[in-house]
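# Structure at a glance
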Amino acid sequence: MKSIHYFLIAGILLSSCVNYDTAEGTPECVSKKLKTFASCGDGEKSVYEYEYQDELVYLFDHGGTTENCPTGYPVFDATCDKIGSLWNDELEGEVNGDLWNTAVLIRKVFPADD
């Protein structure tokens, strides 16, 4: 009987785990930052990779909920230095001194496509 309880508890624990796998080639610091970011609010989180100012940068999308989330949509460089934030759902504005509309979407890195 005890072994059944252990299996039930193990199943519950495994089913409650959140998968933070990012797309191959995503900087490790982005994956680490995602674990903290994913705990805010209750919307579906996404991370997008863009080419911006001749570098790869990462936009964190909180899924429309902002409870306990960073204000706006934070943008980080490949070493996870925050270079700015966008302040509306249309992703308009300036980041690091230039208009964000010059950014080119490369791919969605979280959740990773299977």
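Refer to the structure printed above.
The rules behind the values
Residues numbered from 1 in each chain as written. Predicted model: local features only at pLDDT ≥ 70, side-chain atom pairs only at ≥ 80, totals over all residues. Heavy atoms only, no water. Pairing = 2+ DSSP bridges. Helix = DSSP H or I, 4+ residues; strand = E, 2+ residues; numbered from the N terminus. Axes fitted to C-alpha atoms, helices over the stretch in contact; angles between N-to-C directions. Salt bridge = Lys/Arg side-chain N within 4 Å of Asp/Glu carboxyl O. Buried < 20%, exposed > 50% of the residue type's maximum accessible area, 1.4 Å probe, protein only. Contact = heavy atoms within 4.5 Å.

### A word on the sheet that holds strand β7 (residues 104-110)
Strands sit in the order β4-β3-β2-β1-β7 across an open sheet of 5 strands; the sheet is antiparallel. The open sheet is flanked by β4 (82-86) and β7, the only strands paired with a single partner. Strand-to-strand, the axes of this sheet are offset by a mean angle of 25°, without reference to chain direction. Note that strand β2 (residues 55-61) and strand β3 (residues 73-77) share 3 bridges and pair antiparallel.

### A look at the pattern of salt bridges
Close approach of charged atoms lets side chains of opposite charge pair. Counted by the stated rule, this structure contains 2 salt bridges. In this structure, Lys32 and Glu28 form a salt bridge, with 3.3 Å as the shortest nitrogen-oxygen distance. In this pair, Lys32 and Glu28 are both assigned in helix α2 (residues 28-37), 4 residues apart and thus about one turn of the helix distant. With a relative accessible area of 53%, Lys32 lands in the exposed category. Its relative accessible area of 57% is what places Glu28 among the exposed residues. Among the ionic pairs, Arg107 bridges to Glu49, the shortest N-O distance being 2.8 Å. One end of the pair, Arg107, is in strand β7; the other, Glu49, is in strand β1 (residues 46-52), and 58 residues separate them in sequence.

### What to know about the side chain of Thr22
Considering the arrangement of structural elements, one finds Thr22 in the loop between α1 (2-15) and α2. The residues contacting Thr22, other than those within four sequence positions of it, are Ser31, Leu34, Val109, Phe110 and Ala112.

### Observations concerning the pairing of β3
Of all 5 residues that make up β3, 5 are buried, and the element is covered over most of its length. Residues Tyr73, Val75 and Asp77 of β3 are buried on one face, and the alternating residues Pro74 and Phe76, pointing to the opposite face, are buried as well. Taken together, the 4 bridges between β3 and β4 define a ladder with antiparallel strand orientation. Bridging from a neighbouring strand, Tyr73 pairs with Leu86 of β4. Linking two consecutive strands that pair antiparallel, namely β3 and β4, is a turn of 4 residues; a positive phi of about 70° is found at Cys80 within it.

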